[in-house]
Amino acid sequence: MRIEYDIKLDFKDVLIRPKRSVLKTRAEVTLDREFKFRHTQTTWQGTPIIAANMDHTGTFAMANALSSHHMLTALDKFLTVDDWKKFAKDHPNVLPYCFVSLGISDAEFERLEEVMKVVKLPFICLDVANGYTERFVSCLEHLREKYPDTVIMAGNVVTGEMVEELILSGADIVKIGIGPGSVCTTREKTGVGYPQLSAIIECADAAHGLGGQVCADGGCATPGDVAKAFAAGADFVMLGGMLAGHDECSGEVIEENGRKYKRFYGMSSTEAMERHHGTVADYRASEGRSVNVPYRGPVKETVLDILGGIRSTCTYVGAHRLKELSKRTTFIRVARQLNEVFVPYSVDKK
């Protein structure tokens with residue numbers, strides 16, 4: 001046993017220091033980025049925000065909505081081949097913004113092969129809660145060998161040395177985050193995790209040295225958090241809870257005491273495992289919670305709110321492009337960042 005005494009930081013622990021700027025308006029800020037991927041040598045251009053591959057946010061409806069903003073969606077791994085076939089036929093222009101997701105079971109690799117025969121997708125998301133196992137690395141190596149021309153995002157990890165191993169094993173993008181998600185209880189159940197801001201900073205440094213990218217996955221509750229993730233060096237930011245509760249999410253609208261809600265749960269929760277696997281296996285614990293989130297209507301307004309916040313961040317530090325944000329950022333540690341005097345009161349947050 002050993003203890004690291006270096007202080008590690010989360011989004012709530014910092015603010016971004018403003019700097020002089022020549023920008024006249026937020027409209028001058030460009031949020032599109034262009035990436036060239038290490039293993040495929042292909043390029044992608046767009047706004048690097050990804051809807052999480054949870055079965056309620058990683059939907060075809062979400063992909064369709066976000067593609068109009070040049071944003072990406074990681075589709076949930078339980079979609080069938082027929083689902084993909086129909087979507088590809090009806091929305092061929094949306095496919096360049098889609099990840100097909102899978103875990104590391106043989107059945108999921110077989111399903112991926114069937115999907116890729118039906119529709120050629122540009123992105124694969126190899127997704128497990130614990131990206132530190134030898135089996136995960138070997139599955140990544142196999143995936144890279146089988147799909148040499150497809151961009152692969154793999155995770156999740158939170159340390160620089162594991163980011164380097166995954167990139168050298170075939171990942172173009174490494175997903176960063178253990179336990180920061182709003183409906184994740186991994187830290188409560190296991191005591192394992194890493195403060196998300198420090199994880200992004202350290203992992204981005206490791207990835208960029210090898211020509212790879214990182215995706216910050218989890219922990220963002222406000223547009224300011226998304227901006228902080230980009231400022232810390234994230235190339236992509238994945239959002240789940242911030243996109244929950246919208247029309248484009250799966251599930252019916254629930255009414256309780258005159259208010260409308262939609263269901264939202266972690267993919268390692270009891271509810272998710274019973275839905276997709278029939279039961280929670282005896283050898284594991286549920287590592288996710290289930291909640292009702294307020295119904296929020298179409299996702300467009302939320303997307304515009306997030307993008308507007310990031311543009312405003314850029315104007316505060318003089319970044320003309322999103323790419324410049326991390327270079328223009330100085331974080332300052334704070335004991336308190338928000339005035340929450342009205343938080344207990346009813347506030348309309350449509």
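Just so you know, these numbers come straight off a predicted model, no measurement behind them. (Residues numbered from 1 in each chain as written. Predicted model: local features only at pLDDT ≥ 70, side-chain atom pairs only at ≥ 80, totals over all residues. Heavy atoms only, no water.)

The subject of this paragraph is helix α1 (residues 60–67). Of all eight residues in α1, six are buried; the element is thus mostly enclosed. Within α1, the full set of buried residues consists of F60, M62, A63, A65, L66 and S67. The inward-facing, buried residues of α1 contact β4 (49–51), β5 (72–74), α2 (81–90), β6 (98–102) and α10 (300–317). (Buried < 20%, exposed > 50% of the residue type's maximum accessible area, 1.4 Å probe, protein only. Helix = DSSP H or I, 4+ residues; strand = E, 2+ residues; numbered from the N terminus. Contact = heavy atoms within 4.5 Å.)

Before going further, it helps to spend a moment on the sheet that holds β6. In spatial order, the strands read β4-β5-β6-β7-β8-β9-β10-β11; together these eight strands close into a barrel with parallel pairing. Adjacent strand axes in the sheet meet at a mean angle of 25° when their direction is disregarded. Bridge count between β6 and strand β7 (residues 123–127): four bridges; the pairing is parallel. Within β7, the position partnered with F99 by the bridge is F123. With respect to the sheet, helix α4 (residues 134–146) is in contact with β6, β7 and β8 (151–157), its orientation differing from that of β8 by roughly 175°. (Pairing = 2+ DSSP bridges. Axes fitted to C-alpha atoms, helices over the stretch in contact; angles between N-to-C directions.)

So, on to the pairing of β6. Burial of β6 is extensive: five of the five residues sit out of reach of the surface. Taking every second residue as pointing to the same face, both faces of β6 are buried, with C98, V100 and L102 on one and F99 and S101 on the other. Handedness of the β5-α2-β6 crossover: right-handed. Once you follow β6 into helix α3 (residues 106–118) and on to β7, the crossover reads as right-handed. (Right-handed = clockwise from strand over helix to strand, strands pointing away.)

A few words now on the packing of aromatic side chains. Per the counting criterion, the structure on display carries six aromatic pairs. Judged by centre distance (5.2 Å) and plane angle (85°), the ring pair of F60 and W84 falls under edge-to-face. Placement of the pair is F60 in helix α1 and W84 in helix α2, with a sequence separation of 24 residues. Each member of the pair, F60 together with W84, is buried. Linked through ring pairs, F35, W44 and F236 together constitute an aromatic cluster. (Phe/Tyr/Trp six-rings, centres within 6.5 Å; stacked < 30°, edge-to-face > 60°.)

Across all of its chains, the model carries 11 salt bridges by this definition. Of the charged contacts in the structure, one is a salt bridge between D127 and K175, with a shortest N-O distance of 2.8 Å. Here D127, found in strand β7, pairs with K175, found in strand β9 (residues 173–176); they are 48 residues apart in sequence, far enough to count as distant. Here K175 falls in the buried class, since its relative accessible area comes to 1%. Here the residues in one salt-bridge network are D127, K175 and D217, joined through shared partners. (Salt bridge = Lys/Arg side-chain N within 4 Å of Asp/Glu carboxyl O.)

In the case of a regular strand, side chains alternate between the two sheet surfaces. Where burial is concerned, the two faces of β9 agree: the one with I173 and K175 and the one with V174 and I176 are both buried. Handedness of the crossover is the feature at issue here: the chain leaves β8, passes through helix α5 (residues 160–168), returns alongside β9, and the resulting connection is right-handed. With four bridges joining them, β9 and strand β10 (residues 213–217) adopt parallel strand pairing. By the bridge assignment for β10, V174 is matched with V214.

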